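One letter stands for each residue in the lines below.
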Amino acid sequence: MAQSGTLMGFVHRRRRGAELFLLVIALVVGIGAYAAVGIGVEGKVPADIVGYGGGLAALVIAAHVVVRLVAPYADPVLLPVVAALNGLGLAVIHRLDLAYEASGIKHDYAQQQLIWMTVGVVLFIGTLLLLRDHRVLQRFTYTSGLVAIGLLLLPMLPGIGRTINGARIWIHLGPFSFQPGEVAKVLLVVAFAGYLVLHRDALALAGRRVVFVDLPRGRDLGPILGMWLVSLGILVFQSDLGSSLLFFGLFLVTLYVATERPGWLVVGGLLFLAGATLAYRLVPHVGQRVDVWLHPFNYYDKNPGSFQPVEAQFGMGWGGLIGRGFGNGSPERVPYANSDFILSSIGEELGLTAVIAVILLYGLVVERALRAALISRDPFGKLLATGLAAIFTLQVFVVIGGVTGLIPLTGLTTPFLSYGGSSLVANWVIIALLIRISDQARRPVPDLSGEDDTDADLESTQVVRMT
């Protein structure tokens, strides 16, 4: 038993050391990229590098200390990965600020993004301090769903709702603007997970068998039809293709994981095809997006047109494998290069290598989230972690797919990289929830047997789980 305890202590020390090492690398990425922007654009290291680096390091270290204090068994990879992504995004946004300033338009997007990162880290810390057990969220299943629907309806209210770039997804309160759908997606994950934990047995019952697939019973189609109608409503009334795809895909993924019935994927796929066809024929905004995607060069000089995606692909092609280097490209030619199309800026000046590295970092976030779901001891935690992983997967896929021309543009932001306070703050809260779930899943089970042999076996199992 003493040997097993020593082994567990050794694993804890190794995990803490590994996380510190990864955090140092993440800070090197963020601060080094900021310095590289100054050297590439202005020929010198930025004068505020010490203050900027110190502020970024303070935020990351504060988050790390809180994780170690209140979630000591949490996954050691999540925080360093998102810190690296956030730091790289800040550097690229700063690069674009300098490019806009050189053309006579002064912006402080990087400074604003750093402020939003501070807010996100504060909420990250607050979530970990206040939410000591993720299972508490299951009590608010229906409340979360109702609040999420209310948030989605807010942009439709006259006076506070605003239409930007054809999509009515923003609200303005005085000098502040906010995208309530970013908060709604987190609440919807909680609502879906809590609902499916209670009703998954009924939803898992098989109905008619068609071509080796057991389709669900007709009486059980209510939830997926309801979510399908909600997604269509978002698409029709708010012209928000990205959120519509995200919310319906999120529900479909969690429904399949909860029931383990491929028939739901069949039903969901058919509903998606039907909805896509209706939207293409009846919603002008969606029809334009699809036509521009299919024939980009026919719309290059039109409005709305394909100037943005075509210029982005030209820039990424010019960047090639290793990029032109900071200051040697023209990423500012692409409209909204600091938000929707920040990946094209990375591809132009840092090359395909950096784009692949970014995708791998997102893959790590999803993998660690799914690992937390796999080892979670409670069904609600499994579905909650799976839903949060699905958010990252779907959002990254539709964003990168739109930038590269794989699918039509959707208007979503790239998590942690793109400029945008709503998205950044919501994503920091998502990471806090994943860290809380992973801590609960990896935490040693209290010994109730009182037998030494059982203690040793149990602690050995815990060591395997922790690694």
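Above this text sits the structure in question.
Residues numbered from 1 in each chain as written. Predicted model: local features only at pLDDT ≥ 70, side-chain atom pairs only at ≥ 80, totals over all residues. Heavy atoms only, no water.

1. With respect to the packing of aromatic side chains
Each aromatic ring pair is summarised here by two numbers: the centre-to-centre distance and the angle between the ring planes. Formally: Side-chain rings of Phe, Tyr and Trp, where Trp is taken by its six-membered ring, are said to pair if the distance between their centres is within 6.5 Å; with planes under 30 degrees apart they count as stacked, over 60 as edge-to-face, and otherwise as tilted. Runs of E in the DSSP output that reach at least two residues are strands. Runs of H or I that reach at least four are helices, and both are numbered from the N terminus. Buried, partly exposed and exposed residues are distinguished by accessible area as a fraction of the type maximum, computed with a 1.4 Å probe on protein chains only: under 20%, between the cut-offs, and over 50%, respectively. A ring is scored as having a charge over it whenever the NZ atom of a lysine or the CZ atom of an arginine sits within 6 Å of its centre and within 35 degrees of its normal.
Scanning all chains against the criterion turns up nine aromatic pairs. Measuring from ring centre to ring centre gives 6.3 Å for Phe-297 and Phe-314, while their planes differ by 45°; the resulting arrangement is tilted. One end of the pair, Phe-297, is in the loop between helix H10 (284-294) and helix H11 (307-319); the other, Phe-314, is in helix H11, and 17 residues separate them in sequence. Judged by relative accessible area, which is 46%, Phe-314 ranks as partly exposed. Its end group placed over the ring of Tyr-299, Lys-302 keeps NZ or CZ at 5.3 Å from the ring centre.

2. So, the sheet that holds strand S3 (residues 176-178)
Rules: At least two bridges found by DSSP between two strands is the condition for calling them paired. Axis geometry follows a simple rule: fit a line to the C-alpha atoms, using only the stretch in contact for helices, then measure angles between N-to-C directions, giving values from 0 to 180 degrees.
One open sheet accounts for three strands, arranged S1-S2-S3; its pairing is antiparallel. Of all strands in the sheet, those with a lone pairing partner are strand S1 (161-164) and S3, marking the two edges. Each neighbouring strand pair of the sheet contributes to a mean axis angle of 40°, computed without reference to strand direction. Relative to strand S2 (residues 167-173), S1 runs antiparallel, the two sharing three bridges. Across the sheet, Gly-161 pairs through a bridge with Ile-171, a residue of S2.

3. A few points about the pattern of salt bridges
Operational definition: What counts as a salt bridge is simple: a side-chain nitrogen of Lys or Arg found within 4 Å of a carboxyl oxygen of Asp or Glu.
Per the stated rule, a full pass over the model turns up ten salt bridges. Between Arg-442 and Asp-75 there is a salt bridge, with its nearest N and O atoms 3.4 Å apart. Of this pair, Arg-442 sits in helix H14 (residues 421-442) while Asp-75 sits in the loop between helix H2 (49-70) and helix H3 (78-102), placing them 367 residues apart in sequence. On the basis of relative accessibility, which here comes to 2%, the residue Asp-75 falls in the buried class. Arg-135 is paired through a salt bridge with Asp-133; the nearest N and O atoms lie 2.7 Å apart. Each of Asp-75, Glu-367, Arg-368, Arg-371 and Arg-442 takes part in one network of salt bridges that share partners.

4. Considerations on the nonpolar core
Stated formally: Residue types Ala, Val, Leu, Ile, Met, Phe, Trp, Tyr and Cys, when buried and joined through side-chain atoms within 4.5 Å, form a set referred to as a nonpolar core. Throughout, a residue-residue contact means that at least one pair of heavy atoms, one from each residue, lies within 4.5 Å.
Core analysis: the largest hydrophobic core is formed by 115 residues, its most contacted members being Met-117, Phe-124, Ile-224, Leu-384, Trp-428, Ile-431 and Ile-435. Looking at this core element by element, the count peaks at 15 residues for H3. Aside from chain neighbours lying at most four places away, what touches Leu-384 is His-134, Leu-137, Val-189, Val-190, Ala-193 and Ile-437. Counting six residues, the second largest nonpolar core, distinct from the first, contains Leu-241, Val-283, Val-286 and Val-290.

5. As for helix H9 (residues 262-282)
Defined as follows: Here a helix's expected span is defined as the number of its residues, less one, multiplied by 1.5 Å. The arc in question is the one traced by the directions running from the helix axis out to the C-beta atoms.
The end-to-end C-alpha separation of H9 is 30 Å, in line with the 30 Å expected for 21 residues at 1.5 Å each. Every buried residue belonging to H9 is among Gly-263, Trp-264, Val-267, Gly-268, Leu-271, Gly-275 and Ala-279, and all of these are buried. Seen from one end, H9 has its buried residues packed into an arc of 130°, which puts them on one side. In this structure, H9 carries Leu-270, Leu-273 and Arg-281 as exposed residues pointing more than 90 degrees from its buried face.

6. Topic: the packing of helix H12 (residues 342-375) against helix H13 (residues 379-404)
For the record, the criterion: Each angle receives one of four descriptions, namely roughly parallel if under 35 degrees, roughly antiparallel if over 145, roughly perpendicular if within 65 to 115, and oblique otherwise. Crossing handedness is defined as follows: a turn of the near helix away from the far one that is anticlockwise and smaller than a right angle gives a left-handed crossing, while the clockwise case is right-handed. Basically, the charged four are Asp, Glu, Lys and Arg, the nonpolar ten are Ala, Val, Leu, Ile, Met, Phe, Trp, Tyr, Cys and Pro, and anything else, Gly included, counts as polar.
Packing of H12 against H13 leaves a shortest axis separation of 8 Å and a crossing angle of 165°. Viewed along their axes, H12 and H13 adopt a mutual orientation that is roughly antiparallel. The two elements H12 and H13 meet at a crossing, and its hand is left-handed. On H13, the residues that touch Leu-343, Ser-344, Ile-359, Tyr-362, Val-365, Val-366, Ala-369, Leu-370, Ala-373, Leu-374 and Ile-375 of H12 are Lys-382, Ala-385, Thr-386, Ala-389, Phe-392, Thr-393, Val-396, Ile-400 and Val-403. Looking at the contact of H12 with H13 residue by residue, the classes come out as 16 nonpolar, three polar and one charged.

7. Side note on the packing of H2 against H3
In contact at an axis separation of 11 Å, H2 and H3 are set at 160° when each is read in the N-to-C sense. Overall, the two elements H2 and H3 adopt an arrangement that is roughly antiparallel. Relative to H3, the crossing made by H2 is right-handed. Counting all contacts with H2, which are made through Tyr-52, Leu-56, Val-60, Ala-63, His-64 and Val-67, the residues of H3 involved are Leu-79, Ala-83, Gly-87, Leu-90 and Ala-91.

8. What to know about H14
One full turn of an α-helix is made of 3.6 residues, so residues set three or four places apart face in the same direction. Taking 1.5 Å of rise per residue, the 22 residues of H14 would be expected to cover 32 Å, and the 32 Å separating its terminal C-alpha atoms lies within 8% of that figure. Across the 22 residues that make up H14, a large majority, 22, are buried.

9. Structural notes on unusual backbone geometry
Residues other than glycine seldom take positive phi values, yet Glu-260 does so here, at roughly 60°. Within the fold, Glu-260 resides in the loop between helix H8 (241-259) and H9. Classification of Glu-260 by relative accessible area gives exposed; the value is 64%. The backbone phi angle of Tyr-336 is positive, close to 60°, even though this residue is not glycine.

The quantities given are spatial measurements derived from coordinates; they are silent on function.
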